[in-house]
Amino acid sequence: MAETSSDTVTVEIGPNPFPRLDKALSRDVPEGANLSRSRLAKLIAAGMVRLNGVVEVNQKAKVAEGDVVEITVPVASESHIEAEEIPLNVVYEDDDLIVINKPAGMVVHPAPGTPNGTLVNALMHYCGDRLSGVGGVARPGIVHRIDKDTSGLLVVAKSDVAHQGLAAQFEKHTVERRYLAVVYGAPDASDPRVRGVKGVNFEAGNIMRITTQLARHKTDRQRQAVLFGSGRHAVTRSRIIQTIGEPVVASLIECWLETGRTHQIRVHMAHAGHSLIGDPTYGGRRKLSVKAVGEVGQAAARAFPRQALHAATLGFKHPVSGENMRFEAEMPEDMAKLIADLTRKSTST
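Each value, and the rule that gives it
Residues numbered from 1 in each chain as written. Predicted model: local features only at pLDDT ≥ 70, side-chain atom pairs only at ≥ 80, totals over all residues. Heavy atoms only, no water. Axes fitted to C-alpha atoms, helices over the stretch in contact; angles between N-to-C directions. Helix = DSSP H or I, 4+ residues; strand = E, 2+ residues; numbered from the N terminus. Parallel < 35°, antiparallel > 145°, perpendicular 65-115°, else oblique. Left-handed = near helix turned anticlockwise from the far one by under 90°. Contact = heavy atoms within 4.5 Å. Nonpolar A, V, L, I, M, F, W, Y, C, P; charged D, E, K, R; others polar. Polar contact = N/O pair within 3.5 Å; in protein donor to acceptor, adjacent residues only side chain to side chain. Buried < 20%, exposed > 50% of the residue type's maximum accessible area, 1.4 Å probe, protein only. Salt bridge = Lys/Arg side-chain N within 4 Å of Asp/Glu carboxyl O. 1 Å grid on protein atoms, 1.4 Å probe; cavity = no way out; pocket = protein on both sides within 12 Å on 5 of 7 lines; lining within 4 Å. Points joined across faces, edges and corners; volume = space filled by probe spheres on them.

Colleague: Where do I start with the packing of helix α7 (residues 290-303) against helix α8 (residues 333-344) in this structure?
Modeller: A pair of packed helices is captured by two measures, namely the crossing angle of their axes and the spacing between those axes. Packing of α7 against α8 brings their axes to within 6 Å, and their N-to-C directions diverge by 150°. The pairing of α7 with α8 is recorded here as roughly antiparallel in orientation. For the pair α7 and α8, the crossing hand works out as left-handed. The segment α7 lies against α8, with Val293, Val296, Gly297, Ala300 and Ala301 engaging Leu338, Asp341, Leu342 and Arg344. Each residue belonging to the contact of α7 with α8 can be placed in one class, and the counts come to six nonpolar, one polar and two charged.

Colleague: Is there a simple way to explain the side chain of Lys158 in this structure?
Modeller: Here Lys158 is to be found in the loop between β7 (151-157) and α4 (160-171). Polar contacts involving the side chain of Lys158 include one to the main-chain carbonyl oxygen of Asp94, which spans 2.9 Å. Those residues in contact with Lys158 that sit more than four places away from it in its chain are Glu93, Asp94, Asp95, Asp96, Leu97, Ile98, Arg130, Leu131 and Ser132.

Colleague: When you look at unusual backbone geometry in this model, what are you seeing that I'm missing?
Modeller: Of all residues except glycine, most have a negative phi; of all peptide bonds, most are trans. With an omega dihedral of 5°, the bond running from Glu246 to Pro247 counts as a cis peptide bond. Mapped onto the fold, Pro247 is located in the loop between β12 (232-244) and β13 (250-257). One non-glycine residue, His173, lies in the positive phi region at around 60°. A relative accessible area of 34% means that His173 is categorised as partly exposed. Its identity is not glycine, yet Asn206 carries a phi of approximately 60°, on the positive side.

Colleague: Honestly, the pattern of salt bridges in this entry has me stumped. Any pointers?
Modeller: Opposite charge on two side chains makes pairing possible when the charged atoms of those side chains draw close. One pass over the full model with this rule turns up 17 salt bridges. The partner of Arg326 in a salt bridge is Glu176, and the shortest N-O contact between them spans 3.0 Å. Of the two residues, Arg326 sits in strand β15 (residues 324-328) while Glu176 sits in strand β8 (residues 176-184), which places them 150 residues apart along the sequence. When its relative accessible area of 45% is taken as the criterion, Arg326 is described as partly exposed. For Arg209, the salt bridge is made with Glu203, and the minimal N-O distance between the two is 3.6 Å. Arg209 gets classed as buried once you look at its relative accessible area, which sits at 18%. Under the relative-accessibility criterion, Glu203 is labelled partly exposed at 29%. Connected through salt bridges with shared partners, the residues Glu176, Arg178, Arg239, Glu254, Arg326 and Glu328 form a single ionic network.

Colleague: Would you take a moment to explain empty space enclosed by the protein for this structure?
Modeller: One pass over the full model with this rule turns up one cavity of 30 Å³ or more. Roughly 30 Å³ of volume is contained in the largest cavity. Contributing to the lining of the largest cavity are His144, Leu153, Arg177, Arg178, Tyr179, Ala311, Thr313 and Leu314. Looking at the lining of the largest cavity, the elements with two or more residues in it are β8 and β14 (309-317). In terms of residue class, the lining of the largest cavity is made up of four nonpolar, two polar and two charged.

What follows is the structure, given as structure tokens:
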């Protein structure tokens, strides 16, 4: 991997920061910068970080609200990434951007353990050199991500102008992102248990609003943890579309994001006690009763191989034309079959 150029990320430390530089940056650095805490630590040690205009190499340097941090980020060039002829479900495309309906199981960009078969590999074949270079060769055109086992819509920048414009919208949380999820139980305002969960409240129309902070789990770096008082601000809203079972044991819900943090919907719904069916990280494997959903439904929920989550709606302002764009992707076949099996209530006697 060679460092060919660099970008500068400027961060103003927000209210109630962690007292040390690396932790404060981990919370406040824009999500679109794709800078993990370990990456930030390396950049600090390499003298690539300025605190209020002065180079700072101490990760534990004290910071305060209002401090300005400038991070020089070398752009990674990974020449081993290959263009691969992988089918893409293209929803929309013009000279500046492309909207893809990503299947479950596809990683967005190469990383250790997944050097190929990713969306980036497919885009490099489909678009050639017509992708934004802002993210470097490692992540050409990538403005945001969805998890490997989440299906649905995402937008990719083909021009640098589009990349910068879209990134600004994601940073300001003006992009509309709505998801469909199948969860255990039904998040209803009439349930005293869920009303008692810290950070959970209900708005008019039985809309559940979850407000917490999120950060990497202290012992499991692959997980996110709900926190209060530190971490990144995160807000998720949801509403019930369809209840499932007699009595109700699951539901199809719509979730929409005010913020966009790693695993946000998955960890927030688990925090509220309504984890996603099939979620291997946050969901557990609850056993739905045969009485409620039948043997077929019980088996379908137990065997569902991924989190039942689909990025169904994506809306944003075109970064070049200024036109309001909005796209919808139908629920994928596996989730539709899961719901059909859960509502079939076929039992053997």
